[in-house]
Each structure stands twice: as C-alpha cells, then as structure tokens.
Number of protein chains: 2
Amino acid sequence: MKNIQSVVFDLYGTLYDVQSVSTACEEAFPNMGDTIATLWRQKQLEYTWLRSLMDRYVNFENATEDALNYACGYLGLKLDATLHRSLSDAYLRLQPHSDTPDALRRLHDAALPLGIISNGSTASISQVVENSGLGWAFDQLISVESVQVFKPHSKVYALAETRMGLPRENILFVSSNAWDATAAAHFGFPVCWVNRRNSVFDEMGAQPTYTVSHLEALTDMLLEQRDALHTA
Amino acid sequence: MKNIQSVVFDLYGTLYDVQSVSTACEEAFPNMGDTIATLWRQKQLEYTWLRSLMDRYVNFENATEDALNYACGYLGLKLDATLHRSLSDAYLRLQPHSDTPDALRRLHDAALPLGIISNGSTASISQVVENSGLGWAFDQLISVESVQVFKPHSKVYALAETRMGLPRENILFVSSNAWDATAAAHFGFPVCWVNRRNSVFDEMGAQPTYTVSHLEALTDMLLEQRDALHTA
C-alpha cells in the first residue's frame, strides 16, 4: 500500500449498516423487519442499476422510496403515506458499522485525506454522516448527483480523482459491495473489499487488491505501511 | 390493440421457463435444485446489468457461466469443469412454459409476424428455440449481440424496429420480467406483462399497457381484435 495517499469509502453497506433500517421496519411490521430490509435493499440496488441503464435517473432517495413501495407490495403489507415517510427517513439515520468510528479516527489522526463516494444525494450523504456524528472525518463527500448516473458507471468513480485531486492509483477505494469493488478495480483503483460476512466475491472479471473482514484490519495495514515509510 | 402488426417476445422467463434448469441442478445437487436455479438466475441478471453499466460486455453464456460459479461458491457447492459445462448447457435446453406452444401456433396461424428479442447470443437463442421444436413460429430471432449491451439499454429495444420493419407503436412487446416490460414501455412499445405468478409490478415510472396471467389470454385479446377488424 505504499502509494496510497487517500482513502475513499463507499457509504451504504461499507461504513454504514443498511440492515439497521430493519429496526424501524420491525416496529412497523412485527416479525417482518429483516425480511423487509433485505428485499428493500435488493430492489433499491436493482432500481439504481436499471434506471441508469434506461437513462432514467432519479435521485437515490426516490429510488429508495420506490423500492420500499415494491417491497411492501410484494410482501402484502399496507403502507400509508406517514409510515412510508418514516421508514424512508430511516435511511437518513443509518447506524455506522461497529468498526467504522475507530477506523476513521485512526486514519484521520494519521492525516490521511478521507472521502465518501456514494449513490446518495449530496443532502442525503451529509445527513447520514452528521446524524452519526462522524462529519469530522471526511475531506470530501462525493455524490453521484453531478453525473446523474449511479454506480457502477465509470463516471462515478472518475469523480473521486477530481474531488480528491489525485490520480486513481493513489486512491484506495474501499467497499463491502462486491459489485462496487469489481467496478472500482476495473476503473483502476487499488481496491479493498470489506468482507464482514465471509461471503464470496463476484465473478465479473476483476478481483480486489486486498480483502479484509473488518475495517480495523485495513487500518492496521495502512498505518503500518505509513510508519514503515516514515521510519525508513 | 388495433394498431398491433407484430408481436415481439422476451425469451428467458417469458416464453421459456428459466426455473426449468432446476431439474439438472437437482440431479447434480439433491435438494438444492430450486435454490441453485433461483440464485443463479438472480446473479445472471445482475451480471448483465452491471457489466452493461461498467461497459464490460461479455456474451450471455459467459455471464451465465460466471453466475453459476458464484451461486455454487455462495452455497458452498463443489463444481468441477464437467458439471459446470453440463449445468450451463441446461440453459440451451430450457423448457417452454406450458402456455407457449399453443399461443405461438394461434398467432402464427393468424399470420401475425412474431419475433424474439433476447439477451442471449444469436447461437444460443437459435438453440433454445430449435431444441424445443418451436423454430417454425418466428420471423426474427433478435440478439443483443450486435449492440454489445444488455437489456434494459434502449439500443436493444431499437433492434426490434429495425428487424421487424415496423415503428415501435405497431409492435406489441411481451415480457414476464417486470423490469424488461418497464424499459419497453419507456421506449414506447405497447407492452404486455405476463404475470404468471400473481406478482407486483416494478416501480420505475412506467406501467404495462396490458397485464395477463398467461399467454392464452393475450392471444385471445389479439385475435378477437383482428377478427373484429376483419368483420367491421
């Protein structure tokens, strides 16, 4: 990792736990929280991919709301406007994964410029980050909004170079989403796949440069490398 | 349906039953046939969408083989090269849905030009159709191969106009895949969604013109309309 001068993280699923909306879903529909959250997330992703391919971009919040409608319709659950609003808002109060705050603190203390690059709108990314009290960590919050297409289109990954002011080979791209890590690797970033669930990587012609099971391992690797450089 | 002069069908899931590969999967891995077939199909679709967005097209057979590797890896099932080949080949011997042969016969007898438009390669579409003995039905077998991108990119739907020699408003597009029907509706076809499983439609800003629960109902509608025109 000797050429890494900056780290850019995916938000949904990587720094923040998308399954944390299941608490709000469970309150609304007892015994269905996990089922709703899983189907909702799957459809949310599908709608971002399909809308990008159809050239029918809407912002991520709209895709998320549409996916919630689908999930509840599919599961036969009645969703009134108030409940729809309150469940959708749960995506603005996602919980960070337990390993996120400490990893960000250590990397920030080491003066490594950090960013987020996400499908979310600018407003939405800011709210998730501020609501979790982690706003201090990031130099750049990068939304797909300016290119009006979702990941894994290469236009999105190109934003990281512009905004971080570095060429791709000096930016470590970190994602728990195998498809996102695949696209980032095809784009030319060094890539770290955070595989918290001991899953298998996707089969789309690229592999991550590094695989870790949690962010602490990634932080250790990065900081050891920097210490080695500084004492060399 | 008075302006319909031709019918173009989706292949995988619409005329042919993608779940029919579960028989071969079940023989290879007892009690896992349906699970493998479902995950395999889900990943196959994801890989076509994601590869299209990454501008990393491979043909459908390759995406299908990659998705099979993923599905078996995810489920912890050992897949040697021989078994991988024989399961992949099951996608070339898909069974038509039970309502497919009669619907094609009736539309063909009514001299309505019929086509297939599919993510499959030209060779693959031909094999599926020939293996099922339904080759007589189609005027055009249209593959995405010539545009090197998968559905739901609009370049794919545009092929139907060129190959059928008709403007989109005169071509009825028929699909069981709600995302495919959505994209076709956005493109401007009249669209029939074949909802055999009493499911809910996708929420991506377009609705099908017609919804039927099986192809017989669609055929009845089309032929009644033609009879009415001829006797008017």
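Just so we're clear, the structure is a prediction, and the values are computed from it rather than from any experiment.

Caption draft 1: Focus on the overall build of chain A. Scanning chain A for helices and strands turns up 9 helices and 8 strands. Summarising its shape, the C-alpha atoms of chain A cover approximately 65 × 35 × 30 Å along the three principal directions. Evaluated residue by residue, chain A yields a buried proportion of 56% over its 232 residues. Restricting to contacts in chain A with at least 6 residues of sequence separation, those with at least 24 account for 61%.

Caption draft 2: Seen up close, the packing of helix H3 (residues 60–74) of chain A against helix H4 (residues 81–90) of chain A. All names here are of chain A. For the pair H3 and H4, the least separation of the axes is 10 Å and the interaxial angle reads 120°. Classified by the interaxial angle, the pair formed by H3 and H4 is oblique. When the axes of H3 and H4 are compared, the crossing they make is right-handed. On H4, the residues that touch Glu65, Leu68 and Asn69 of H3 are His84, Arg85, Leu87 and Ser88. When the residues that make up the contact of H3 with H4 are grouped by side-chain class, the tally is 2 nonpolar, 3 polar and 2 charged.

Caption draft 3: A look at the pairing of strand E5 (residues 140–143) of chain A. Residue and element names in this part refer to chain A. Direction of pairing for strand E4 (residues 114–118) relative to E5: parallel, over a ladder of 4 bridges. Across the sheet, the residue bridging to Ser118 is Ser143, located in E5. Note that the unit made of E4, helix H6 (residues 122–131) and E5 has a crossover that is right-handed.

Caption draft 4: The arrangement of the relation of the copies chain A and chain B in detail. Mapping chain A onto chain B is achieved by rotating through 180° and translating by 0.0 Å along the same axis, at an RMSD of 0.0 Å. The two molecules are tied by a two-fold rotation axis, judged by turn and shift. When you check the interface residues of chain A against chain B, 100% turn up at the interface there too, and the contact is symmetric in its surfaces.

Caption draft 5: Region of interest: the domain arrangement of chain A. Residues and elements named next belong to chain A. By domain assignment, chain A separates into domain 1 (6–16 + 95–231) and domain 2 (18–92). Distance from the C-alpha centre of domain 1 to the C-alpha centre of domain 2: 24 Å. Listed as interface residues are 20 residues of domain 1 and, on the opposing side, 14 residues of domain 2. A combined buried area of about 1,500 Å² lies between domain 1 and domain 2, and 60% of that area is made up of carbon and sulfur atoms. For domain 1, the biggest contributors to the area lost against domain 2 are Tyr12, Phe150 and Trp179; these three give 38% of the whole. At the surface where domain 1 touches domain 2, the tally comes to 0 salt bridges. Among the elements that take part in the side of domain 1 that touches domain 2, H6 stands out by supplying 4 residues, more than any other. For the side of domain 1 that touches domain 2, a count of residues per class yields 8 nonpolar, 10 polar and 2 charged.

Caption draft 6: The nonpolar core, seen in detail. Of all hydrophobic cores here, the largest spans 164 residues; its most connected members are Phe9 and Leu218 of chain A together with Phe9 and Leu218 of chain B. Discounting chain neighbours no more than four positions away, the residues touching Leu218 of chain B are Met1, Phe9, Leu172, Val174, Cys192 and Val212 of chain B.

Caption draft 7: Region of interest: the confidence of the model for chain A. A residue-level look at chain A finds 99% of positions with pLDDT of 70 or above and a mean pLDDT of 96. For this predicted complex, the interface score ipTM comes out at 0.96, while the overall pTM is 0.96.

Caption draft 8: Representation of the packing of aromatic side chains. Evaluated as defined, the whole model comprises 26 aromatic pairs over all chains. Where Tyr157 of chain A meets Phe173 of chain A, the ring centres are 5.6 Å apart and the plane angle is 75°; that geometry is what we call edge-to-face. Here the residue Tyr157 of chain A occupies a position in helix H7 (residues 154–164), and Phe173 of chain A occupies one in strand E6 (residues 171–175), the gap between them amounting to 16 residues. For Phe173 of chain A, a relative accessible area of 0% corresponds to the buried category. For the ring pair Phe173 of chain B and Phe189 of chain B, a centre distance of 5.4 Å and an interplane angle of 20° mean the geometry is stacked. Here Phe173 of chain B is found in strand E6 (residues 171–175), whereas its partner Phe189 of chain B is found in the loop between helix H8 (178–187) and strand E7 (191–194), with 16 residues between them in sequence. In this structure, Phe173 of chain B and Phe189 of chain B share a single accessibility class: buried.

Caption draft 9: Representation of helix H8 (residues 178–187) of chain A within the structure. Buried residues dominate H8 of chain A, accounting for 9 of its 10 residues. In this structure, the buried side of H8 of chain A is in contact with helix H2 (33–54), H7, E6 and strand E7 (191–194) of chain A together with helix H2 (33–54) of chain B. Just downstream of H8 of chain A lies Gly188 of chain A, where phi reads positive at about 120°.

Procedures and definitions
Residues numbered from 1 in each chain as written. Chains lettered and ligands numbered in written order. Predicted model: local features only at pLDDT ≥ 70, side-chain atom pairs only at ≥ 80, totals over all residues. Heavy atoms only, no water. Helix = DSSP H or I, 4+ residues; strand = E, 2+ residues; numbered from the N terminus. Buried < 20%, exposed > 50% of the residue type's maximum accessible area, 1.4 Å probe, protein only. Contact = heavy atoms within 4.5 Å. Axes fitted to C-alpha atoms, helices over the stretch in contact; angles between N-to-C directions. Parallel < 35°, antiparallel > 145°, perpendicular 65-115°, else oblique. Left-handed = near helix turned anticlockwise from the far one by under 90°. Nonpolar A, V, L, I, M, F, W, Y, C, P; charged D, E, K, R; others polar. Pairing = 2+ DSSP bridges. Right-handed = clockwise from strand over helix to strand, strands pointing away. Least-squares fit on C-alpha atoms with pLDDT ≥ 70 in both. Domains from an automatic or database assignment. Buried area = accessible area lost by both parts, 1.4 Å probe. Salt bridge = Lys/Arg side-chain N within 4 Å of Asp/Glu carboxyl O. Core = buried A, V, L, I, M, F, W, Y, C linked by side-chain atoms within 4.5 Å. pLDDT = per-residue confidence, 0-100. Phe/Tyr/Trp six-rings, centres within 6.5 Å; stacked < 30°, edge-to-face > 60°.

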